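Architecture and fold: a report
Here is what each chain is made of, one letter per residue.
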Amino acid sequence: MGGEMTNKNENHYRALKNKILAAMIVAPAIPFLLVVAVGFYYFTASIERETFARMVRIAEDHRQAIEMFLTERRGDLTIIANSFSIAQMNNPEELRNIFDTLRQNSPAYTDLGLFNPEGVQTAYVGPYRLAGKQYKDAPWYKGVLGNGYYISDVFLGYRKSPHFIIAIAIQDGDQIWVLRATIDTVFFSDMVEKVRMGKTGEAYLVNAQGVFQTQRRSGGELLRADPEPIAHSERFEGVRTFAADDKSGDAYLYGATWLSEKDWQLIVRQEKADAFRDLRTAWLLAALILVLGVAGIVSMGFYLTGKIIARLSRIDSEKSQLNQQLIVASRLAEIGEMSAGFAHEINNPLQIIRSEQTLISVILDDMRQAGTLPQTPDTAELLDSVQQIKLQIDRCGNITQSILKFARQKDVTPQELSLSQLTPEIVAMVRKKAQVNGVELAISSDPATPKVQGDASQVQQVLLNLINNAMDAAIARHGASGGRVELRVGVDGEGQARLSVSDNGVGISEENLRRIFTPFFTTKPVGQGTGLGLSVCFGIIDAMGGTIDVASQVGQGSTFTITLPAAA
Ligand code: ADP
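Predicted model only: the values in this text are computed from it and were never measured.

So, how was this worked out
Residues numbered from 1 in each chain as written. Predicted model: local features only at pLDDT ≥ 70, side-chain atom pairs only at ≥ 80, totals over all residues. Heavy atoms only, no water. Near = heavy atom within 4 Å. Polar contact = N/O pair within 3.5 Å; in protein donor to acceptor, adjacent residues only side chain to side chain. Areas by Shrake-Rupley, 256 points an atom, 1.4 Å probe, with all protein chains shown as cover. Helix = DSSP H or I, 4+ residues; strand = E, 2+ residues; numbered from the N terminus. UniProt positions renumbered as here; feature names shortened; annotations may be inferred. Axes fitted to C-alpha atoms, helices over the stretch in contact; angles between N-to-C directions. Left-handed = near helix turned anticlockwise from the far one by under 90°. Contact = heavy atoms within 4.5 Å. Nonpolar A, V, L, I, M, F, W, Y, C, P; charged D, E, K, R; others polar. Buried < 20%, exposed > 50% of the residue type's maximum accessible area, 1.4 Å probe, protein only. Pairing = 2+ DSSP bridges. Phe/Tyr/Trp six-rings, centres within 6.5 Å; stacked < 30°, edge-to-face > 60°. Lys NZ or Arg CZ within 6 Å of the ring centre and 35° of its normal. Patch = residues over 30% accessible without salt bridge, like charges linked within 9 Å, V, L, I, M, F, W, Y side chains within 5 Å. Salt bridge = Lys/Arg side-chain N within 4 Å of Asp/Glu carboxyl O. Core = buried A, V, L, I, M, F, W, Y, C linked by side-chain atoms within 4.5 Å.

**Concerning the site of the ligand**
Near the ligand there are 19 residues, and of these Asn469, Thr522, Thr523, Lys524 and Leu534 occur at the shortest range. Take Thr523: an N or O atom from its side chain is 2.4 Å from an oxygen atom of the ligand. Lys524 is positioned such that a nitrogen or oxygen atom in its side chain is 2.7 Å from an oxygen atom of the ligand. Alone, the ligand offers 520 Å² of accessible surface; in the complex the protein occludes 93% of this. For the shell around the ligand, the secondary structure elements donating two or more residues are α10 (456–478), α12 (533–543) and β17 (557–564). The dominant element in the shell around the ligand, judged by the number of residues it contributes, is α10, at three residues.

The following block contains the structure:
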């Protein structure tokens, strides 16, 4: 039955614990996860935006720089065409002077030549012997006639270093001459090739057919076809960003833009993993925050739930203890009433026996005085017997008086009592007994102890009972010396008066602890204990609105503690 009860209780607490735990964890976890998720989403989005914005910025900046370079070169040629006559330019001496000035302006120029309306190079300054050559059918020559100016793709010149040419048409009457310069690409490919972004960020130029016009750092030889012909479709405005895999399957982020001067495309790209390195850190950070946060919430949940459950079970067990005490108290009251009736019933015949005994004693006395009582051993035995009857009647009388006191507490005159004053007076009554038995008696008293409302003789009875019990227990354990009984008078946390009697006696077993307040329960030999002392104490203290508690350890001693409400 008991086992079943505790099982039930345990199941109840486990279910309750699970519920509280779930609430404790779920309630803070939901907003926490939401905050982390939303924060992470916005962080990710902003990093992606930021990465693409950076690519667009780099692509635009570099496109502008390259275009500026090309425009400047075209501008150089236009200035020459405007500043010098065909005749002047056609003069090799003159053209060399012009070329020298040009090179001072930009060392990128490697040669300069003038072509007559038939496409023959009539004047040339540069490292080759190209004067007199015919270019009428060369694609660049057709291009410059059609467009007014022309920029070629990059090619490897005779010196196997990358070049491109820039040419402009010069109107001379109704004839068209052409001025052409060759430019070493080193001077502008550097601008592109030096772009750095993270570990893998790079930039390069390709022509409309997807052929590299500058070296690509991650593998892409000049003038070879781009192995990833990704963005070489038709022209578009501005910068386009997109993601694509390269030949070996690595994901890249791209930013691509067409030059306006020339059908070259500037491509900026970075490995996605590299570009989003910060993102990976963010992932790790979010995961860490998540793990730590969830761990924190869960352990907090467990901790608080444990505390709540512990408190609940303590309250429950206090409640059941209180119930138990109530049951004991009401049973005691019942027994009290019963024994009161019983004592009353016994008292009457006892009175009669007492008067009969007194009569017998008087008669025997009279006979002795009259000398009619023979001095025989039988007579002596008879007198002894009568004496013994008187003794036992007195004992019975005492017992019934105690029972009646316990039950009814008649003749009570309540008044304000000071325990710190009363206690030493009572202790004085038992000093002699203590001395004789080698028991040390100590009192400590707090002057702040509040007064209580009660009957002085009742309180005295309670205290004497407790002290006597304590001394008996101390003597039982220590014999003629070593016993110690200590009384403490003070105030408890709630402002009630508290009085405790502690001893270093034999202590009370767990089993007996439950029974000591029951009337007639005694462990003392027949004739020494009535078993009524503590039940009387209980009745008195209970009637005064107080409580009496005991704490005891077998072989170490006991402490009886009384609390009484302060007098109003
Ligand atoms: P009695 O003293 O007549 O036996 P009580 O009601 O005063 O009756 O005490 C009941 C029992 O409680 C005692 O017989 C004893 O076993 C136990 N008891 C009471 N006080 C103490 C104490 N201070 N130390 C040990 N046992 C005690």
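**Examining the UniProt feature "transmembrane region" (unreviewed entry) in the protein chain**
Mapped onto this numbering, the UniProt entry annotates "transmembrane region" (unreviewed entry) at residues 20–43 and 282–304. Annotated as 100% helix and 0% strand, the span residues 20–43 places its first and last C-alpha atoms 34 Å apart. As a span, residues 282–304 carries 100% helix and 0% strand, and end to end its C-alpha atoms are 32 Å apart.

**Describing the packing of α10 against α12**
The geometry of α10 relative to α12 is characterised by a closest axis approach of 9 Å and an angle of 145° between their N-to-C directions. The hand of the α10/α12 crossing is left-handed. On the side of α10, the interface is formed by Gln458, Gln461, Val462, Asn465, Leu466 and Asn469, while α12 contributes Gly533, Leu534, Val536, Cys537, Ile540 and Ile541. Per-class residue counts for the contact of α10 with α12 are seven nonpolar, five polar and no charged.

**Here's the deal with the pairing of strand β2 (residues 121–125)**
Of all five residues making up β2, four are buried, and the element is well covered by its neighbours. Where strand β1 (residues 109–115) lies against β2, four bridges are found, and the strand directions are antiparallel. Its bridge partner being in β2, Leu114 is matched across the sheet by Ala123. With antiparallel pairing between neighbouring strands as the criterion, β1 and β2 make up a hairpin whose turn holds five residues, including Gly119 at a positive phi of roughly 85°.

**Regarding the sheet that holds strand β7 (residues 202–207)**
Spatially, β7-β10-β9-β8 is the arrangement adopted by the four strands of the open sheet, whose pairing is antiparallel. Of all the strands in the sheet, the pair left with one neighbour each is β7 and β8 (239–245). Each strand of the sheet is rotated relative to its neighbour by a mean of 30°, with strand direction disregarded. Pairing of β8 with strand β9 (residues 251–258) involves seven bridges; the strand directions are antiparallel. Following the sheet pairing, Arg240 is matched in β9 by Ala256. Each of β7 and β10 (264–271) is contacted by helix α5 (residues 186–193), which is oriented at about 130° to β7, the strand it contacts most.

**A look at the pairing of strand β14 (residues 483–491)**
Relative to β14, strand β12 (residues 439–445) runs parallel, the two sharing seven bridges. Residue pairing in the sheet places Val439 in a bridge with Gly483 of β14. In terms of strand pairing, β14 meets strand β15 (residues 497–503) through seven bridges, oriented antiparallel. When the sheet's bridge partners are listed, Glu486 is paired in β15 with Ser502. The turn joining β14 and β15, which pair antiparallel and follow one another in sequence, is formed by five residues; a positive phi near 80° is taken by Gly495.

**Quick word on unusual backbone geometry**
Generally, phi is negative for residues other than glycine and the peptide bonds are trans, each holding for most cases. You will see that Leu223, though not glycine, has its phi angle at about 70°, which is positive. For Leu223, the position within the fold is in the loop between β7 and β8. In this structure Leu223 comes out as partly exposed when scored by relative accessible area, which is 29%. Positioned with a positive phi, Phe520 is a non-glycine residue whose angle comes to about 75°. Inspection of the secondary structure assignment puts Phe520 in the loop between α11 (510–513) and α12. According to the relative accessible area criterion, Phe520 is partly exposed, its value standing at 43%.

**So, the packing of aromatic side chains**
Applying the stated criterion across every chain, the model contains twelve aromatic pairs. Judged by centre distance (5.7 Å) and plane angle (90°), the ring pair of Trp140 and Tyr141 falls under edge-to-face. For the residue pair Trp140 and Tyr141, the accessibility class agrees, reading buried in each case. Three or more aromatic residues joined by ring pairs make a cluster, and in this case those are Phe115, Tyr135, Trp140 and Tyr141. The ring of Tyr150 has Lys262 sitting right over it, with the charged end atom 5.8 Å from the ring centre.

**Examining the environment of Gly220**
Structurally, Gly220 is set in the loop between β7 and β8. Residue classification places Gly220 among the buried positions, given a relative accessible area of 14%. Between the C-alpha atom of Gly220 and that of Tyr204, which follows or precedes it by 16 residues, the distance is 9.3 Å. Apart from the residues within four sequence positions on either side, Gly220 is in contact with Phe212 and Gln215.

**Quick look at a nonpolar patch on the surface**
On the surface, Val26, Ile30, Leu34, Val38, Tyr41 and Tyr42 cluster together into a nonpolar patch covering about 640 Å² of accessible area. Here Leu34 lies in helix α1 (residues 2–83).

**Comments concerning the nonpolar core**
Of all hydrophobic cores here, the largest spans 48 residues; its most connected members are Met89, Leu112, Phe164, Ile170 and Leu179. Counting residues per element, this core draws most heavily on α1, at ten residues. Leaving out residues up to four positions away in the same chain, Met89 has contacts with Ile80, Ala81, Phe84, Leu95, Ile98, Leu114, Ala123, Ile170 and Leu179. Counting residues in each nonpolar core, the second largest holds 40 residues, with Ile467, Phe517, Phe521 and Leu534 among its members.

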